Amino acid sequence: MAKSDVKSNADFMSTAEDHDSWRQLTGNMLKIEFLSGEFTSHSSIIPSVRNGLNCSDKSMVKLLKSFRLIIEFQQEAPNYWVRFPQSYLREVVESSLNLFALHTVSPSQPHRLSPLHFVSILDPKAQWFIKWMHGNYSRKILLELLKDYKILVGQLFFLVFLIFQ
């Protein structure tokens, strides 16, 4: 870790409000890790697209609540970006993109719902993305990282094309 990051972290942790923001950041990262594990697990409870989403199933409710909390964090995070060191901002953006890019399709397994399906159900207007693109601080990092996620960008363009067709 760079010396400037250590100083930024020390400054960041100096007030109670900043400490709360720090807890939200780490909680968000843990939720993203949990959801990534659910979508990459072979024994996962993620339903197929054909079967749809059963909102009365307790495991689906847990997934939906986790996604809702992540989306709420992503909508509020731009208000606090400047308080975080740039390395943590990059880590939040990259972990979110990693989660959204998880989409496994294999001939032996029916097409399952992806993280983008869950996000689109809970945030159909992609307000989190609009807020991330508003300020240069996060827009620059997001656009830099999207270069590495060409499959995700392609999927998004395809889905938008299907909607307007």
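Please read all numbers here as calculations on a predicted model, not as lab measurements. Note on numbering: residues in each chain are counted from 1, in written sequence order. This being a predicted model, a pLDDT of at least 70 is required before a residue's local features are given, and a value of 80 or more before pairs of side-chain atoms are given or counted; all residues contribute to the totals for chains, interfaces and linings. By convention in this description, side-chain values take in all heavy atoms of the structure and omit both hydrogens and water.

## Here we look at the side chain of Ser-95
Rules: Secondary structure elements follow DSSP: runs of H or I no shorter than four residues count as helices, runs of E no shorter than two count as strands, and numbering proceeds from the N terminus. With a 1.4 Å probe rolled over the protein chains alone, any residue whose accessible area is under 20% of its type maximum counts as buried; one over 50% counts as exposed, and the rest are partly exposed. A contact between two residues is defined here by any heavy atoms of the two lying within 4.5 Å.
Inspection of the secondary structure puts Ser-95 in helix H4 (residues 86-101). Judged by its relative accessible area of 13%, Ser-95 falls in the buried class. Look past the residues within four positions of Ser-95 in its chain and what remains in contact with it is Met-29 and Ile-32.

## Digging into the nonpolar core
Side chains that are nonpolar tend, in soluble globular proteins, to be buried together. How we decide: What we call a nonpolar core is a set of buried Ala, Val, Leu, Ile, Met, Phe, Trp, Tyr and Cys residues that are connected through their side-chain atoms within 4.5 Å.
One finds Val-93, Leu-97 and Phe-118 to be the most contacted residues of the largest nonpolar core, which totals 33 residues. Per-element accounting of this core gives the leading share, seven residues, to helix H3 (residues 58-76). Those residues in contact with Phe-118 that lie beyond four places of it in its chain are Phe-39, Leu-53, Met-60, Leu-63, Leu-64, Phe-67 and Leu-113.

## Focus: the pattern of salt bridges
Going by this rule: Salt bridges are defined by distance alone: a side-chain nitrogen of Lys or Arg within 4 Å of a carboxyl oxygen of Asp or Glu.
Throughout the structure, instances matching the rule amount to two salt bridges. In this structure, the salt-bridge partner of Arg-68 is Glu-72, at a minimum N-O distance of 2.8 Å. Residue Arg-68 and its partner Glu-72 are located together in helix H3, separated by four residues, close to a single helical turn. Classification of Arg-68 by relative accessible area gives partly exposed; the value is 37%. Of the charged contacts, one joins Arg-90 and Glu-144 as a salt bridge, the two residues approaching to 2.8 Å between their closest N and O atoms. With a gap of 54 residues between them, Arg-90 in helix H4 and Glu-144 in helix H7 (residues 136-146) connect regions that are remote in the sequence.

## Describing the packing of aromatic side chains
This is how it is decided: Only Phe, Tyr and Trp rings take part, Trp by its six-membered ring, and two of them pair if their centres are within 6.5 Å. Stacked means planes under 30 degrees apart, edge-to-face means over 60, and tilted covers everything else.
Per the stated rule, a full pass over the model turns up six aromatic pairs. Aromatic pair Phe-67 and Phe-118: ring centres 5.1 Å apart, planes at 10°, arrangement stacked. On the criterion of sequence distance, the pair formed by Phe-67 in helix H3 and Phe-118 in helix H5 (residues 115-122) is long-range, its members being 51 residues apart. Across the pair, Phe-118 and Phe-67 agree in class, each one buried. A centroid spacing of 5.7 Å and a plane angle of 80° characterise the contact between Trp-128 and Phe-129, whose relative ring orientation is edge-to-face. For Trp-128, a relative accessible area of 8% puts it in the buried group. In this structure Phe-129 comes out as partly exposed when scored by relative accessible area, which is 32%.

## A word on the packing of helix H6 (residues 127-134) against H7
Convention followed: Each axis is a line fitted through C-alpha atoms, taken for helices only over the stretch in contact, and angles between the N-to-C directions span 0 to 180 degrees. Just so you know how the angles are binned, under 35 degrees is roughly parallel, over 145 roughly antiparallel, 65 to 115 roughly perpendicular, and the rest oblique. Classes in brief: Ala, Val, Leu, Ile, Met, Phe, Trp, Tyr, Cys and Pro nonpolar; Asp, Glu, Lys and Arg charged; the others, Gly included, polar.
Viewed as axis vectors pointing N to C, H6 and H7 meet at an angle of 110°, and their least axial separation amounts to 5 Å. The angle between H6 and H7 places the two elements in the roughly perpendicular class. Every residue of H7 that contacts H6 at Phe-129, Lys-131, Trp-132, Met-133 and His-134 is listed here: Asn-136, Ser-138, Arg-139, Leu-142 and Leu-143. Residues that form the contact of H6 with H7 fall into these classes: five nonpolar, three polar and two charged.

## What about the packing of H3 against H5?
To describe two helices that pack against each other, one gives the angle between their axes and the distance between the axes. Closest axis-to-axis distance for the H3/H5 pair is 10 Å, and the angle between their directions is 70°. With respect to each other, H3 and H5 are oriented roughly perpendicular. Seen from H3, the contacting residues are Met-60, Leu-63, Leu-64, Phe-67, Arg-68 and Ile-71; seen from H5, they are Pro-115, Phe-118, Val-119 and Leu-122.

## A look at the environment of Ile-46
Among the secondary structure elements, Ile-46 is positioned in the loop between helix H2 (16-40) and H3. The exposure class of Ile-46 is buried, given its relative accessible area of 6%. Not counting chain neighbours up to four residues away, the residues in contact with Ile-46 comprise Glu-38, Phe-39, Met-60, Leu-63, Arg-112 and Leu-113.

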